[in-house]
Amino acid sequence: MDNFQLLPLLIAVPLGAAFIIPLAGRLRDEAAEAIALLVGVALVVFAAATIAAPASVYRMGKWPPPFGIVIVGDALSSLMLLLIAVLSLCVIIYALGYMKRFTARPKFYTLLMLMITGMNGVVLTGDIFNLYVFLEIAAISSYALVAFGTEDQELEAAFKYLVLSGVASSFILLGIALLYSKTGTLNMAHLAKLISGAPADRVVQFVMALFIAGFGLKAAMVPFHAWLPDAHPSAPAPISAMLSGLLIKALGVYAIIRIFNGIFTVSGTLSTILITMGLLSMVVGVLLAVGQWDFKRLLAYHSISQMGYVVLGIGLGTPLGLAGAIFHMVNHGVFKSLLFLCSGSVERSTGTRNLKELGGLWHRMPVTSTTCSIASLSISGVPPFNGFWSKLLIIVAAVQAASTLGNVAYVIAGITIFVSFMTLVSFVKVQKYVIFGKLPEKLAAVKEAPVRMCVSLVVLAALCVGLGVFSQVALRKLVVPARDAALDKTAYIERVLPESESQTVMLGKQ
Amino acid sequence: MVLYVLTMAIFLAGLYATMAKKNIMKIVIGMLIMDYAVNLMLVLIGYRRDGLPPIMTSPDEPASAFVDPLPQALIVTSIVIGLAMTALMAALCVRLYQRYGTFDTLHMRKLKG
């Protein structure tokens, strides 16, 4: 298939499925599930195809940029698309088993499809207002999914999440409006061209501040993190996995990489702010996590902490740091989804998420226990699992930054290692209270989760091991091209706005 | 310039209501005010004094005679998104009221954090 038609399909197919699923669901719930599964498989195939030939630009309605909306595929987008597609497929397979006890299952898959549409759109679009629209599609469907169980806690968490995330959206839209008034364009490549030429002025600085607050809220960085530990544990387990594994990355971190590297430049004050936010998130997140006794809440705090690593890597502003950040983003997506799915299996079988009431599940639930151990080792950064390599890259990048930052760089590296150690402590606790120890009498009859749920657990655990053992291959084939695509501003501009057509580009406000 | 400052003041008023109020209906109203302030800002960006509606009737009219039509298209999109948000927020408020019998956030404390 021609690659030109492939990129819009990644947005159109889940969007179309979101409209067909409720209709199919009127006939039978199974029809809705079958369509969702089919779309999940199709998205993995499409995303794998874009990895093979990443660089392409699709002009919606044949309007030449910067007038029309463009869909831009590059190595970074392709990597994110593949991550979204693979994790979504695992989550859909898991949900086939897990969501059995919920009513209105077709509505669940509809919202899930809309969320995938929004995330694919954010990753692919080359137009900053279009990015906002897709961001809202993903965010609004995620509010509804957090409230899906409609119990007291879930409604409360959804409202809190909606208010804080809505404020972030307003900030982002205000930033986009000011950027438009400054440059007179919404096309991201054209914005990059106009802004990188001009000296940084007050408007651009204000826009950057709005974007840091807005996308920082979406990515749950520490001064803005309050919604995450409520929203992520309250959702059904497959949605927790989607929110922690994908949504904070696609809406928050990917947008930060794309906008701050693509349009602005990460250096000076911006770099300091990102490093500070990253370090704060790492330390505060992990310290709050250690004291938690609710399984999913503990995992949610670790999401804050691990996203801190990613933002720190971006903030260092070095190529190695960015490579580490992108690799850690992918790895965190895999092992955090796996952990949330494991917690879902445990909760479904035992009926509790309280660590104190669990124990000895090793004997009763071998698949869940094994995969949960693999994910715990990965997130703690134990070699040879995937988390080790990406954390190592970020630590090495921090030490190398000593040439520009001076001795502060060693402090940063030290804090990074300390946080990694605290993560290990916290997951040793999870292992001790959930998997090993004595089986409480109440749980003597616990059964392993159904096969469909175990399949996605095993696939994700295999990915954890695979990305660790073959980390060099993954880095060379996926991460480094993505890093280069994110850093190479001129190539991005040239691809979206070819020089030969620049005579037709008569823009600017007046 | 005064208009921009006033719009920013409306935005900040909405932000204050969203962050400081304890009644969830007032929080929703605060978010709507913020939404409208951003839309107003978009109108202002496209506005040009004595500008004509952006419909070209003869080819020799200069483009600078018209107001900028693009922000108006953005506002329509933004209003639709705002509608979806408002509907969802209202639905959540109704469900929360059914559960707790109050709109006061101080009495909604089942979450640990």
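Caption draft 1: How the structure looks around the overall build of chain A. Check the secondary structure of chain A and you find 21 helices and two strands. Referenced to the eigenvectors of the C-alpha coordinate spread, the extents of chain A come out at roughly 75 × 65 × 40 Å. Within the span of chain A, comprising 510 residues, buried residues form 64% of the whole. Contacts in chain A between residues at least 24 apart in sequence constitute 81% of all its contacts with a sequence separation of at least 6. Only carbon and sulfur atoms are counted for the fraction: they give 68% of the accessible area of chain A, which is about 17,100 Å². Side chains of chain A carry 35 positive and 23 negative charges; the gap between the two charge centres is 4 Å.

Caption draft 2: Geometry of the packing of aromatic side chains. All names here are of chain A. Across all of its chains, the model carries 15 aromatic pairs over all chains by this definition. Between F108 and F148 the ring centres are 5.6 Å apart and the planes differ by 65°, which places this aromatic pair in the edge-to-face class. Linking F108 in helix 4 (residues 105–124) with F148 in the loop between helix 5 (128–146) and helix 6 (152–183), this pair joins segments that are 40 residues apart in sequence. On the accessibility criterion, F148 (15% relative accessible area) is buried. Here the aromatic cluster, defined as three or more aromatic residues joined through ring pairs, consists of Y94, Y98, F102, F108, Y109 and F148. The lysine or arginine in question, K356, covers the ring of W293, its NZ or CZ lying 4.7 Å from the ring centre. The side chain of K429 reaches across the aromatic face of W293, ending 4.2 Å from its centre.

Caption draft 3: Spatial organisation of unusual backbone geometry. Residue and element names in this part refer to chain A. In this chain, P383 is followed by P384 through a cis amide linkage whose omega measures 5°. Positionally, P384 belongs in the loop between helix 15 (366–380) and helix 16 (386–400). Not every positive phi belongs to a glycine, and K62 is a case in point at roughly 60°. Position of K62 relative to the elements: it lies in the loop between strand 1 (56–59) and strand 2 (70–73). By relative accessible area, which is 71% here, K62 ends up exposed. Of note in this structure, A104 is not a glycine but carries a positive phi near 55°. Along the chain, A104 turns up in the loop between helix 3 (75–98) and helix 4.

Caption draft 4: Region of interest: the layout of surface pockets. Taken as a whole, the second largest pocket spans an internal volume of roughly 580 Å³. Forming the walls of the second largest pocket are 25 residues, and the residues nearest its centre are F159 and K160 of chain A together with I27, T105 and R109 of chain B. Every element with two or more residues in the lining of the second largest pocket is listed here: helix 6 of chain A together with helix 1 (2–20) and helix 2 (24–46) of chain B. The element that contributes the greatest number of residues to the lining of the second largest pocket is helix 6 of chain A, accounting for five residues. The class makeup of the residues in the lining of the second largest pocket is 15 nonpolar, four polar and six charged.

Caption draft 5: Representation of the interface of chain B and chain A. The interface of chain B with chain A comprises 38 residues on the first partner and 39 residues on the second. Inspection of the region where chain B meets chain A yields one salt bridge. Applying the counting rule to chain B against chain A returns four residue pairs in polar contact (both at pLDDT 80 or more). For the side of chain B that touches chain A, the secondary structure elements donating two or more residues are helix 1, helix 2 and helix 3 (70–100) of chain B. Broken down by element, the side of chain B that touches chain A gets its largest block of residues, 16 residues, from helix 3 of chain B. Considering only residue class, the side of chain B that touches chain A consists of 27 nonpolar, four polar and seven charged.

Caption draft 6: Representation of the confidence of the model for chain B in the model. Per-residue confidence for chain B gives a mean pLDDT of 88, with 96% of residues at or over 70. Across the interface, the model reports ipTM at 0.93; the global pTM reads 0.92.

Caption draft 7: Region of interest: the packing of helix 12 (residues 295–316) of chain A against helix 16 of chain A. All names here are of chain A. One way to put it is that helix 12 packs onto helix 16 with a least axis distance of 10 Å and a crossing angle of 40°. Judged by the inter-axis angle, helix 12 sits oblique to helix 16. The crossing of helix 12 and helix 16 is left-handed. Of the residues in helix 16, those touching helix 12 at Q306, Y309, L312 and L316 are K391, I394, A397 and A398. Across the contact of helix 12 with helix 16, the residue classes tally to six nonpolar, one polar and one charged.

Caption draft 8: Spatial organisation of the pattern of salt bridges. All names here are of chain A. In the structure shown here, the tally under the stated rule is eleven salt bridges over all chains. R258 is paired through a salt bridge with D74; the nearest N and O atoms lie 2.9 Å apart. In this pair, R258 sits in helix 10 (residues 237–262) while D74 sits in the loop between strand 2 and helix 3, placing the two residues 184 residues apart along the sequence. The pair R258 / D74 is uniform in exposure class, with both members buried. Between R483 and D484 there is a salt bridge, with the nearest N and O atoms lying 2.9 Å from each other.

Caption draft 9: Structural detail: helix 8 (residues 202–218) of chain A. Residues and elements named next belong to chain A. For helix 8, with 17 residues, the first-to-last C-alpha span of 24 Å sits near the 24 Å given by 1.5 Å per residue. Burial analysis of helix 8 places twelve of its 17 residues in the buried class, the great majority of the element. Looking one or two places after helix 8, you find A220, whose phi comes out positive at around 60°.

Caption draft 10: Up close: the pairing of strand 2 of chain A. Residue and element names in this part refer to chain A. In strand 2, alternate side chains face the same way, and those of V70 and V72 on one face and I71 and G73 on the other are all buried. One ladder, built from four bridges, connects strand 1 with strand 2; its direction is antiparallel. Considered in strand 2, the bridge of V57 is made with V72.

What counts and what doesn't
- Residues numbered from 1 in each chain as written.
- Chains lettered and ligands numbered in written order.
- Predicted model: local features only at pLDDT ≥ 70, side-chain atom pairs only at ≥ 80, totals over all residues.
- Heavy atoms only, no water.
- Helix = DSSP H or I, 4+ residues; strand = E, 2+ residues; numbered from the N terminus.
- Buried < 20%, exposed > 50% of the residue type's maximum accessible area, 1.4 Å probe, protein only.
- Contact = heavy atoms within 4.5 Å.
- Areas by Shrake-Rupley, 256 points an atom, 1.4 Å probe, with all protein chains shown as cover.
- Lys, Arg positive; Asp, Glu negative; His and termini not counted.
- Charge placed at Lys NZ, Arg CZ, Asp CG, Glu CD.
- Phe/Tyr/Trp six-rings, centres within 6.5 Å; stacked < 30°, edge-to-face > 60°.
- Lys NZ or Arg CZ within 6 Å of the ring centre and 35° of its normal.
- 1 Å grid on protein atoms, 1.4 Å probe; cavity = no way out; pocket = protein on both sides within 12 Å on 5 of 7 lines; lining within 4 Å.
- Points joined across faces, edges and corners; volume = space filled by probe spheres on them.
- Nonpolar A, V, L, I, M, F, W, Y, C, P; charged D, E, K, R; others polar.
- Salt bridge = Lys/Arg side-chain N within 4 Å of Asp/Glu carboxyl O.
- Polar contact = N/O pair within 3.5 Å; in protein donor to acceptor, adjacent residues only side chain to side chain.
- pLDDT = per-residue confidence, 0-100.
- Axes fitted to C-alpha atoms, helices over the stretch in contact; angles between N-to-C directions.
- Parallel < 35°, antiparallel > 145°, perpendicular 65-115°, else oblique.
- Left-handed = near helix turned anticlockwise from the far one by under 90°.
- Expected span 1.5 Å × (residues − 1).
- Pairing = 2+ DSSP bridges.

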